[in-house]
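Now for the letters of each chain:
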Amino acid sequence: MSALPDRAVAMLAAVHTRPGLTRAEASRVLGIGTGGATEVVGRLVDERLLAEGPAAPGGGRGRPTRTLTAHPDGPLVLAAVITHESWQVAAVELGGAPVAALTGRHAGDPADVALGRLRTAVTGLRDRYGSRVRGLGVAGPGIVLDQRYLDATGLGWTGVDLWSLWPGADVLVADNDATLAALAESRRGAAVDARLAVHLRVDAGLGGAVVDAGRLVVGARGAAGEFGHLPMGDPAVRCPCGARGCWGTAVDGTALARLLGEPEPSDPVTYAGQVIAHAAAGDEIAAGAVGAAAAALGRGIAGLVNALDPDLVTLGGLGADLLAAAPAELDAACRAGLMRFRHATPPPVVAARVGEAGPLTGAAERVWDRWWELLRR
Ligand SMILES: [Zn+2]
């Protein structure tokens, strides 16, 4: 495809951010006249990048303005997520809606997952949608160096090459799942209007990211946001990362098992969900463990708030479950750790709105971002 003028790319990005916006709204967002907007939309429709929907209701004077949406034969991006227990891949259209999704469970062998079943699924979606597919974004459950190599200590994976999922792709980005969930939350979730947002995702361990005015803070090698390895946990506990006292070991399923005197679960996410369900059903011992993990989460959040000065903290994965199950314990521990000047107006700590779809949504957003850049060249 030929390069598009900047304002055509901006129009695509505007429709992606707010599918269904009207041509008139888009012309205002872009700061171009209605004549210019008509010309840009005409070209994008001709190139099957956008579709015009029915006229928007209401509106007042003049001709009714029409809504702008994804073209039914328009561009798609693939977004894949690898968790400790499963994989999934979806084809996502402009505006963020998935049009197809495949999922399965895995037993933890990187060759089987990264080079086997997930690649087969990616290839299948590429075959189905052909040249409509513009790239692939992958969310992994660990550190992803140079947007490519996954180290997942919980799975025992080191340097797994995620680019092998689609050799030679025009756009292939890979990142940590919690980082991508943070991006999703800032694009389409609770943190859309935040000046500085901290997102924390508890899965098997704890990850997250800082989003500063809509931009991810990624670090020099793309590995920023490993908040779960701040030494805010019990120094007697060794973390799979090799350090002692990591905060993540105080808030996840392994923490709940330790608090309950049970062996380390092979499936810590599923296990944590079961303990939280037992607590909700009235099991006081389970509730005590859940409260302690929630307090450990709140204490660490206070540390991050003191250090980073966010105006919002969002919690995903088991973090949201702990907040829902033991809000008083989490809040009390957080307040106890906050500097006094923050007590009057502490930043809200809320559940992520994109929720479990965060890593997938963020992976797709990363690919769209890169595709806008390619279109401008
Ligand atoms: Zn660690």
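The coordinates are above.
Here the residue numbering is sequential within each chain, running from 1 through the sequence in written order. For a predicted model such as this one, the threshold for reporting local features is a pLDDT of at least 70, and the threshold for listing and counting side-chain atom pairs is 80 or more; totals across whole chains, interfaces and linings nevertheless cover every residue. No hydrogens and no water enter the side-chain calculation; it runs on all heavy atoms of the structure.

K.L.:
I'm lost on the coordination of the zinc ion in this one. Help?
P.N.:
Each metal site is built from N, O and S donor atoms within 2.8 Å (3.2 Å for Na, K and Ca), and since water is not included, such sites may look incomplete. Looking at the zinc ion, the protein donor atoms are His229 (ND1), Cys239 (SG), Cys241 (SG) and Cys246 (SG), and they sit 1.9 to 2.4 Å from it. A four-donor site is classed as tetrahedral when every donor-metal-donor angle falls between 85 and 135 degrees; four donors are called square planar, and six octahedral, when trans pairs exceed 155 degrees and all remaining angles lie between 65 and 115, with any other arrangement labelled irregular. Every donor counted, the four donor atoms about the zinc ion form angles of 104 to 115° at the centre, which fits tetrahedral coordination. Mapped onto the sequence, the residues coordinating the zinc ion show the spacing H-x9-C-x1-C-x4-C. You can see histidine 229 sitting in the loop between strand E13 (215–216) and helix H6 (253–259) and its partner cysteine 239 sitting in the loop between E13 and H6, a full ten residues away along the chain. Summary of the burial criterion: residues with accessible area below 20% of their type's maximum are buried, those above 50% are exposed, and those between are partly exposed, where the area comes from a 1.4 Å probe applied to protein chains only. Accessibility expressed as a relative area gives 33% for histidine 229, which makes it partly exposed. In DSSP terms, a helix is any run of H or I states spanning at least four residues, a strand is any run of E spanning at least two, and both are numbered starting from the N terminus.

K.L.:
Would you take a moment to explain the pattern of salt bridges for this structure?
P.N.:
By convention in these notes, a salt bridge is any Lys or Arg side-chain nitrogen within 4 Å of a carboxyl oxygen on Asp or Glu. Under the criterion given, the structure shown has 17 salt bridges. Residue aspartate 6 pairs with arginine 376 through a salt bridge whose shortest N-O separation is 3.5 Å. Here aspartate 6 is found in helix H1 (residues 6–17), whereas its partner arginine 376 is found in helix H11 (residues 358–376), with 370 residues between them in sequence. A salt bridge links aspartate 331 to arginine 335; the shortest N-O distance between them is 3.4 Å. With aspartate 331 and arginine 335 both in helix H10 (residues 327–337), this residue pair falls four residues apart, about one helical turn. Classification of aspartate 331 as partly exposed rests on a relative accessible area of 39%.

K.L.:
Honestly, the packing of helix H5 (residues 177–188) against H11 in this entry has me stumped. Any pointers?
P.N.:
To characterise two packed helices, one gives the angle between the axes of the helices and the distance between these axes. Under this scheme, a helix contributes an axis fitted over its contacting stretch, all axes are lines through C-alpha atoms, and angles between N-to-C directions fall in the 0 to 180 degree range. At a closest axis distance of 7 Å, the pairing of H5 and H11 adopts a crossing angle of 75°. By the angle class used here, H5 and H11 are roughly perpendicular. Note on element contacts: H11 touches H5 through Gly358, Pro359, Thr361, Gly362, Ala363, Glu365, Arg366 and Asp369, opposite Asp177, Leu180, Ala181, Leu183, Ala184, Arg187 and Arg188. Relative orientations are named as follows: roughly parallel for angles under 35 degrees, roughly antiparallel for angles over 145 degrees, roughly perpendicular for angles from 65 to 115 degrees, and oblique for any other angle. Throughout, a residue-residue contact means that at least one pair of heavy atoms, one from each residue, lies within 4.5 Å.

K.L.:
Hey, could you run me through the packing of aromatic side chains in this one?
P.N.:
For any pair of aromatic rings, the description rests on two quantities: the centre-to-centre distance and the angle between the ring planes. Only Phe, Tyr and Trp rings take part, Trp by its six-membered ring, and two of them pair if their centres are within 6.5 Å. Stacked means planes under 30 degrees apart, edge-to-face means over 60, and tilted covers everything else. Under the definition given, this model contains three aromatic pairs. Centre to centre, the rings of tryptophan 368 and tryptophan 371 are 5.9 Å apart; their planes meet at 65°, and the pair counts as edge-to-face. Highlighted residues: tryptophan 368 and tryptophan 371, both in helix H11, separated by three residues, approximately one helical turn. Accessibility classification places tryptophan 368 together with tryptophan 371 in one group, the buried group. Ring centres of tryptophan 368 and tryptophan 372 lie 5.7 Å apart, and the angle between their planes is 25°; this geometry places the pair in the stacked category. Note that tryptophan 368 and tryptophan 372 are positioned in helix H11 at a spacing of four residues, about one turn of the helix.

By themselves, these are just geometric observations and shouldn't be taken as functional.
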